[in-house]
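Fold and geometry: a report
Read off the chains here:
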Amino acid sequence: MRLPDEAARIAEDIRSMRIRGAGLIARSAVEVLQVVARNSRARDVDAFVGELTDAAGLLLKTRPTAVSLPNGIRYVMHKVSQSKGHAASVAEIQSAAIKATEEFIENTKTAIQRIGEIGARRIRDNDVLLTHCNSSAAIAVMKTAWNQGRKFEVLVTETRPRFQGHLTARELSGSGIPVTLILDDAVRYFMQDVDKVLIGADAITANGALVNKIGTSMVALAAHEAKVRVFVAAETYKFSPETMVGELVRIEERDSSEVISKTEVRKVGPIRIRNPSFDVTPPEFIDLIITERGIIPPLGAILILEEVFGVITPEELREYQTYELHEEE
C-alpha cells in the first residue's frame, strides 16, 4: 500500500534514524497508524483493518531491531482486533483505532513521570543507591525522590566501554544529588555500603528476566550475594511479547574498537575481542519492577504483557519480526 504523505514522511524519519530513542520511535510509529486510520477510505471493517495491517508491516521494516516500535504497533493492533468483532461500521472501528493510538501516545509521554512518582516511594532518607548505565526511568525515580525532600547519595558506575554512567552522574549531580562515580570493577567492593540498586531496562522478558546494559547481571549478582534489593524501572513498552512464545532476545555485539584501539591491538598481539552490548539478569536476582502501571514482582511480567498486548500465539508472532536488541548510537 501507499502511505499518506504525512505518514510516509514519519516512516522515513524512523527508517533513517532521524527519529531516535525508544519512546519517540514508538510514538512516531503509532502516529503513522493514526494518520492511516484518519485518512482511510475503506468501505468495510475488513478493508480498514487490512489497511492498518499493511501499514504495520511497512513500519516494521523501517527499524526491525527497535524494541519499542513493534510493541507500539502491537498495542494498537490488539485494540483494533478486540474492536473488530463488535464494530458495526467503518466509523466505529476507525474511532477505536484512533482512540488506541491516542492512548498509547499519551501513556508513553507520561510513563517516565509516573514511574518517577511510584518509584520515589521506595527511596528513604539516608539511602545509598547504586545505579548502572543511563536510564531515564531510573533517573526519574531518584530525581523525584530528591525533589520530594528525601536525602540520599548515589554510586554510579562508569559503564564501560561507552561510559554512559558519566551522563547519569552529570544529570543527578546537576539536580543537587550527591554522586560518587565508581569503576564497574568496584561494584562488589562498594556493595556492602549500598541499601538499594536501582537500574533501568532495555527489555523485560515474559518470565521477568531483565535485558540491560552489559554488566547489569554482575551488579545484580553482587547485590544478591550481599542481600541488597534490586529495583528495575521500566516502561511497559519495553516488555517483550516475543518471549511469551519462547523467542529469545538476540543481543548485538558492537565493534571491538570500543574496547581497545587497533593501535593497542597491534601491541598486544593477535587476540580475539568481544563486545556484547547487553546481558541477561535472571528474575531471581530482581526484587521488583517499577512500571507506569504500578510495581510488580518479576514473575508478574507475563500479566503485564497479556494486559497490554493480549495473548500472542506463534501464528500471530509470524506477522512481526523478532527483534535483536541494539544499542542506540
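Residues numbered from 1 in each chain as written. Predicted model: local features only at pLDDT ≥ 70, side-chain atom pairs only at ≥ 80, totals over all residues. Heavy atoms only, no water.

Before going further, it helps to spend a moment on the overall build of the protein. Broken down by element type, the protein carries 12 helices and 12 strands. A compact globule built from 329 residues should have a C-alpha radius of gyration of about 20 Å, and the protein, at 21 Å, falls within 12% of that. Dimensions of the protein along its principal axes, counting C-alpha atoms only, are 65 × 50 × 35 Å. Expressed as a percentage of its 329 residues, the buried residues of the protein come to 53%. A separation of at least 24 residues holds for 78% of the contacts in the protein among residues at least 6 apart in sequence. (Helix = DSSP H or I, 4+ residues; strand = E, 2+ residues; numbered from the N terminus. Rg over C-alpha atoms; globule rule 2.2 N^0.38 Å. Buried < 20%, exposed > 50% of the residue type's maximum accessible area, 1.4 Å probe, protein only. Contact = heavy atoms within 4.5 Å.)

What follows covers the sheet that holds strand 1 (residues 128-131). Pairing in this open sheet of seven strands is mixed, and the strands run 3-2-1-4-7-10-11 from one edge to the other. Unpaired on one side and paired on the other, strand 3 (179-182) and strand 11 (294-296) mark the two borders of the sheet. Ignoring which end each strand starts from, the neighbouring axes of this sheet average 25 degrees apart. Bridging between strand 4 (residues 196-199) and strand 7 (residues 229-233) involves four bridges; their strand directions are parallel. Following the sheet pairing, Ile 199 is matched in strand 7 by Val 232. (Pairing = 2+ DSSP bridges. Axes fitted to C-alpha atoms, helices over the stretch in contact; angles between N-to-C directions.)

For the rest of this paragraph, the subject is the side chain of Asn 71. Note on placement: Asn 71 falls in helix 4 (residues 68-84). Judged by relative accessible area, Asn 71 falls into the buried class, the value being 0%. Separated by 2.7 Å, the side chain of Asn 71 and the backbone oxygen of Tyr 237 make a polar contact. If near-sequence neighbours (up to four positions away) are discounted, Asn 71 is found in contact with Phe 104, Tyr 237, Lys 238, Phe 239, Pro 241 and Phe 309. (Polar contact = N/O pair within 3.5 Å; in protein donor to acceptor, adjacent residues only side chain to side chain.)

The next subject is the packing of helix 4 against helix 5 (residues 90-120). The N-to-C vectors of helix 4 and helix 5 enclose an angle of 145 degrees; their axes lie 9 Å apart at closest approach. Here helix 4 runs over helix 5; the crossing is right-handed. Contacts between helix 4 and helix 5 involve Asn 71, Gly 72, Tyr 75, Val 76, Lys 79, Val 80, Ser 83 and Lys 84 from the first element and Ile 93, Ala 96, Ala 97, Ala 100, Thr 101, Glu 103, Phe 104 and Asn 107 from the second. Tallied by class, the residues present in the contact of helix 4 with helix 5 amount to eight nonpolar, five polar and three charged. (Left-handed = near helix turned anticlockwise from the far one by under 90°. Nonpolar A, V, L, I, M, F, W, Y, C, P; charged D, E, K, R; others polar.)

So, on to the packing of helix 2 (residues 22-39) against helix 3 (residues 45-60). Running from N to C, helix 2 and helix 3 point in directions that differ by 150 degrees, and their axes come no closer than 10 Å. As the angle between them shows, helix 2 and helix 3 are arranged roughly antiparallel. For the pair helix 2 and helix 3, the sense of crossing is right-handed. Of the residues in helix 3, those touching helix 2 at Ala 29, Val 32, Leu 33, Val 36 and Ala 37 are Phe 48, Glu 51, Leu 52, Ala 55, Ala 56 and Leu 59. (Parallel < 35°, antiparallel > 145°, perpendicular 65-115°, else oblique.)

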